[in-house]
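Each chain is listed here by its residues.
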Amino acid sequence: MFFCEKLMRNRRGLFSDISFTTFLYIPVIILVALFLVYLSNQAIAYSLQTSDLESQLFVHSLLLSPRGVSVYDPALDRVFDGTIDLATFSDSAHLEAQLREAFQSVDPPLLSAELKLTDLHGKSFESQGKIVSPILYQKTWFERWVVLSGSFLSGKGTAHVYEEQRYVFVRTGERLVPGLLTVRVLIPES
Amino acid sequence: MKRGEIEVSLVLLLGLIIFAVVALFFFGYAKQVAEKTLFEKRFLARDLALVLNTVQSVPGDVTLYYVEPSANLSRFRYHFENKLVTLSDSPNEVGTRVSYPFFTDSSLVSSLPSLDHPSQLVFIKTAHALHVSDHEDTALVERLSCSRVSQLSLSKETLVLDSGDQMNSALVQVTDYLEAKSDFAKTTRTWKTELPENLYAQRLSLIEKDTSLVFGLDIQDGDAITVVYPTDASSEQSKKLACLLLDQLAQNFPDAVLTSRPQQSSDDFLRINSEGLAVVVVLGDESSVFADPSRLGSSLFSGIQEYFKSASETNTGVFS
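Residues numbered from 1 in each chain as written. Chains lettered and ligands numbered in written order. Predicted model: local features only at pLDDT ≥ 70, side-chain atom pairs only at ≥ 80, totals over all residues. Heavy atoms only, no water.

K.L.:
How should the overall build of chain B be read in this particular structure?
P.N.:
Per the secondary structure count, chain B includes 7 helices and 14 strands. In chain B, which comprises 320 residues, the share counted as buried stands at 49%. In chain B, 70% of the contacts between residues at least 6 apart in sequence involve partners at least 24 apart. Taken as a whole, chain B presents about 14900 Å² of accessible surface, with 54% of it coming from carbon and sulfur. (Helix = DSSP H or I, 4+ residues; strand = E, 2+ residues; numbered from the N terminus. Buried < 20%, exposed > 50% of the residue type's maximum accessible area, 1.4 Å probe, protein only. Contact = heavy atoms within 4.5 Å. Areas by Shrake-Rupley, 256 points an atom, 1.4 Å probe, with all protein chains shown as cover.)

K.L.:
Looking at this structure, I do not really get the sheet that holds strand β4 (residues 98-101) of chain B. What am I missing?
P.N.:
Paired through backbone hydrogen bonds, the strands of a sheet run either parallel or antiparallel to each other. Residues and elements named next belong to chain B. One open sheet holds the 4 strands; their spatial order is β4-β3-β2-β6, and the pairing between them is antiparallel. If you trace the sheet from one side to the other, it starts and ends with β4 and β6 (115-116), each paired once. Bridging between strand β3 (residues 84-88) and β4 involves 4 bridges; their strand directions are antiparallel. Its bridge partner being in β4, Leu87 is matched across the sheet by Val98. (Pairing = 2+ DSSP bridges.)

K.L.:
Can you walk me through the nonpolar core in this structure?
P.N.:
Inside soluble globular proteins, nonpolar side chains tend to come together where they are buried. Leu115 and Leu181 of chain A together with Tyr78 of chain B are the most contacted members of the largest nonpolar core, which totals 58 residues. Looking at which element gives the most residues to this core, the answer is helix α2 (residues 37-57) of chain B, with 8 residues. Sequence-distant contacts of Tyr78 of chain B, that is, excluding residues within four places in its chain, are made with Leu44, Leu48, Leu73, Thr86, Leu87, Pro113, Ser114, Leu115, Pro118 and Leu121 of chain B. Residues Val174, Leu178, Leu217 and Leu296 of chain B belong to the second largest nonpolar core, which totals 33 residues. (Core = buried A, V, L, I, M, F, W, Y, C linked by side-chain atoms within 4.5 Å.)

K.L.:
Sorry if this is basic, but what is going on with the pairing of strand β2 (residues 77-81) of chain B here?
P.N.:
Walk down a regular strand and you will see the side chains alternate between the two sheet faces. Residues and elements named next belong to chain B. Burial within β2 is extensive, with 4 of its 5 residues counted as buried. Judged from the 5 bridges that link them, β2 and β3 form a sheet pairing that is antiparallel. Along β3, the bridge assignment pairs Phe80 with Val85. Hairpin geometry of β2 and β3 is characterised by an intervening segment of 2 residues between the two adjacent antiparallel strands and by a positive phi of about 55 degrees at Asn82.

K.L.:
Help me out: how do you make sense of the packing of aromatic side chains in this one?
P.N.:
For any two aromatic rings, the description comes down to two numbers: the centre-to-centre distance and the angle of the planes. With the rule as written, the count across this model stands at 8 aromatic pairs over all chains. Here the aromatic rings of Phe58 of chain A and Tyr137 of chain A are separated by 5.2 Å at their centres, their planes lie at 35 degrees, and the arrangement is tilted. In this pair, Phe58 of chain A sits in helix α3 (residues 51-64) while Tyr137 of chain A sits in strand β6 (residues 135-137), placing the two residues 79 residues apart along the sequence. For Phe58 of chain A, a relative accessible area of 2% puts it in the buried group. Seen from their ring centres, Tyr66 of chain B and Phe123 of chain B are 6.3 Å apart, and the 85 degrees between their planes marks the pair as edge-to-face. Taken together, the residues Tyr66 of chain B in strand β1 (residues 62-66) and Phe123 of chain B in strand β7 (residues 121-125) connect sequence positions 57 residues apart. Relative accessible area serves as the criterion here: at 0%, Phe123 of chain B is assigned to the buried category. Stacked on the ring of Trp141 of chain A, the Lys or Arg Arg144 of chain A has its end atom at 4.5 Å from the ring centre. The aromatic ring of Phe253 of chain B is capped on one face by Arg295 of chain B, whose charged end is 5.3 Å from the ring centroid. (Phe/Tyr/Trp six-rings, centres within 6.5 Å; stacked < 30°, edge-to-face > 60°. Lys NZ or Arg CZ within 6 Å of the ring centre and 35° of its normal.)

K.L.:
Looking at this model, I keep getting lost on the pattern of salt bridges. Mind explaining?
P.N.:
Between side chains of opposite charge, a pair can form as their charged atoms come close. Residue and element names in this part refer to chain A. Applying the stated criterion across every chain yields a total of 7 salt bridges over all chains. Between Arg184 and Glu114 there is a salt bridge, with the nearest N and O atoms lying 3.5 Å from each other. Placement of Arg184 in strand β8 (residues 175-188) and of Glu114 in strand β3 (residues 112-118) is noted, with a sequence separation of 70 residues between them. A residue is classified by how much of its surface remains accessible, and Arg184, at 25% relative accessible area, is partly exposed. (Salt bridge = Lys/Arg side-chain N within 4 Å of Asp/Glu carboxyl O.)

K.L.:
What am I meant to see in empty space enclosed by the protein here?
P.N.:
A water-sized probe rolled over the atoms picks out the places where empty space is left. The final tally for this structure, using the stated rule, is 5 cavities of 30 Å³ or more. Approximately 80 Å³ is the volume attributed to the largest cavity. Lining of the largest cavity is provided by Ser61, Ser65, Ala102 and Phe103 of chain A together with Asn53, Gln56, Ser57, Phe103, Thr104 and Asp105 of chain B. Ranked by residue count, the leading element in the lining of the largest cavity is α2 of chain B, at 3 residues. Residue classes in the lining of the largest cavity are distributed as 3 nonpolar, 6 polar and 1 charged. (1 Å grid on protein atoms, 1.4 Å probe; cavity = no way out; pocket = protein on both sides within 12 Å on 5 of 7 lines; lining within 4 Å. Points joined across faces, edges and corners; volume = space filled by probe spheres on them. Nonpolar A, V, L, I, M, F, W, Y, C, P; charged D, E, K, R; others polar.)

K.L.:
Help me understand unusual backbone geometry in this model?
P.N.:
With the exception of glycine, most residues fall at negative phi, and the peptide bonds are largely trans. All names here are of chain A. The peptide bond linking Asp107 to Pro108 adopts the cis configuration, its omega dihedral lying at 0 degrees. With respect to the helices and strands, Pro108 occurs in the loop between α5 (92-102) and β3. Backbone geometry at Gln128 places phi at a positive 55 degrees, although glycine is not the residue there. Within the secondary structure, Gln128 sits in the loop between β4 (126-127) and β5 (130-131). Classification of Gln128 as exposed rests on a relative accessible area of 81%.

K.L.:
Would you mind showing me how to read helix α6 (residues 235-252) of chain B here?
P.N.:
The periodicity of an α-helix, 3.6 residues per turn, causes residues three or four places apart in sequence to face the same way. Here α6 of chain B is 18 residues long and its end C-alpha atoms lie 25 Å apart, about the 26 Å a rise of 1.5 Å per residue gives. The element α6 of chain B is extensively covered by neighbouring structure, given that 14 of its 18 residues are classed as buried. (Expected span 1.5 Å × (residues − 1).)

K.L.:
What is the right way to look at the side chain of Thr83 of chain A in this model?
P.N.:
With respect to the helices, strands and loops of the structure, Thr83 of chain A is situated in strand β2 (residues 78-85). Setting aside chain neighbours within four positions, we find Thr83 of chain A in contact with Val69, Ser70, Val71, Phe169, Arg171 and Leu176 of chain A.

K.L.:
Help me understand the side chain of Ser299 of chain B in this model?
P.N.:
Residues and elements named next belong to chain B. Along the chain, Ser299 falls in helix α7 (residues 293-311). In this structure the side chain of Ser299 is engaged in a polar contact, spanning 3.0 Å, whose partner is the side chain of Asn252. Ignoring anything within four residues of it in the chain, the contact list for Ser299 reads Gln248, Leu249, Asn252 and Phe253. (Polar contact = N/O pair within 3.5 Å; in protein donor to acceptor, adjacent residues only side chain to side chain.)

K.L.:
Can you help me understand the sheet that holds strand β1 (residues 70-73) of chain A in this one?
P.N.:
Residues and elements named next belong to chain A. Taking strand neighbours across the sheet as the criterion, the 6 strands line up as β1-β2-β7-β8-β3-β6 in an open arrangement whose pairing is mixed. Edge positions in the sheet fall to β1 and β6, since each has one partner strand and no second. Averaged over all adjacent pairs, the angle separating strand axes in this sheet is 35 degrees, with direction ignored. Relative to β6, β3 runs antiparallel, the two being bridged by 3 bridges. Bridge pairing links Leu115 to Ile135 in β6. Running over the sheet, α5 touches β3 and β6 and is turned about 25 degrees from β6. Strand contacts of helix α6 (residues 139-148): β3, β6, β7 (159-172) and β8, with the helix running at about 65 degrees to β8, the strand carrying the most contacts. (Axes fitted to C-alpha atoms, helices over the stretch in contact; angles between N-to-C directions.)

This is the structure we're talking about:
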C-alpha cells in the first residue's frame, strides 16, 4: 500500500531508491562471486601442491643429470652420481650457465636454488686459495625470492623454501674427500 | 518522460548488464568445477610436467608409458610448447587452457608434438633426444638410440648434392636451398642446364676421394620418408647422420611417417665414395612434406649441420 502511494506520489523518488539499493548490491555480488572463485581455486591449488616434490626432483636431477653438478665422462657416457669436481664447482660462472642450459625454464622460472658445497663440518672448501662460493641457479630470481621467503605471511607473492642435503664425494685433483651438498630451493607461491 | 527518470533507468540497466556478466562467468566456472575438468586439467598439467622433468633427469635411456587411472587422458588436447605443458578441451580452444612449466635440457633434441585426445602418453628419452607420442614407436626408439655414435672429425669438407632422377619442383627447391647454404656443395643436377644422357657419368665424376658427404635426394611411391645409409665401413657414421636428419624432420613434420634403413642390393641410387658419408633421403611422392619445400630444406640442412657441429670445432665450417 505504502509502495503504491509512494509510486503515485513521487515516481522519481521511487526509481532513485531502487537504483541506489541495486547499485549497492552489484559490487557486493561481484566481490562475493570473485571470492568464491578465489576460494575454490585455492582449494584446488592446495590439493595439488607439488612444490616439495619439485624441489626434491630438482636436487635429484642436479646429481643424476649429465649436465648437472656430478662428474660426467662423455667418453664412457657415465655420470658419477654424487661425485663433484671441486675445480668445476669453483668456476661459478661456467657452472651457473651450464645449469641454466640444462634446466631451461619459462620466465619467471619454476624455481631458483642455491648450491653450497662444504665438508662434513660445514666448512667451505678452498680452491686455488679462494673459498668456493655457492652456485646460484637463476641468480636474479633467487635474489628476489629470498627476500619474499622471509615473510611471515603465506599465499601469493611469497616463496617456499626447501632445503635438501646430500652427502657427496668431492674430487680435488686425484683425491676424493667426503662433502656435503646443501641445496636451498625457492619456489614462488602461485 | 522526465529527464531524471531516464538517468536512473540507465544506471539500472548498467547494473543488470554487469550482474548478467558476473552471473555468466560464475556459472561457467561452477560448471567447470562440477564437471571436474578444471581439477583434472591442473592435476594432469602438473603431473605431466613432473614426468617430463623426471625422464629428462634420468642418466640413461628410458621409455615411460603414462596412463593415469584417476584421470581421463582422452578428454583433452596436450601441447608441449614454450616450456609449458598446456591442456585444452578442443582444437578451437573453447574451454579453459591450463598450463604448467617444465624444464627442458638444451642438449636433447626434442620432438614434442601436440596430441589430440590420446588414450596414453609415451615418453621416450635417450642420450640425445626426448620424444612424446601417443603410441610406442619402435622405429623411433631405434632411431633415437643410434644417436649415441660420436661424429668423426672430418678433415676435408666437400659435399655432393645428388638431386635424383626426378624432375620435381619441390626437390629442386630443396636442392637449391641446400646448395645455397653450403660453401663446398657440388650439385650433380641443376635440371636447368644438364642433359639427361650425361647425367649419370657426370654425377659419378663429381664424387671424388675427398668428398666428405654424398647427400642424395630421391622420390619414390608412398607417403613415408626413408633415409637410406650404406652398409660399408662408414655405415655407423652415415647411420648417425640419418638419425639426426630424421630427428629434425620429426620436429618440423610431426605427422610425417619417418623411417631409416641400410642399403639393399636393389638400391641403385645410393652413391658413395671410398670412405665418406653417404645418405639418400627417399621422399614418398604422397608425403605431406612436399607442401612446404623450404621447411623440408631447412630441416635437412639442420640435420647435416647438427652432424658437422662437433666436427667443425676442429675444422673449418662447411655450412654457413
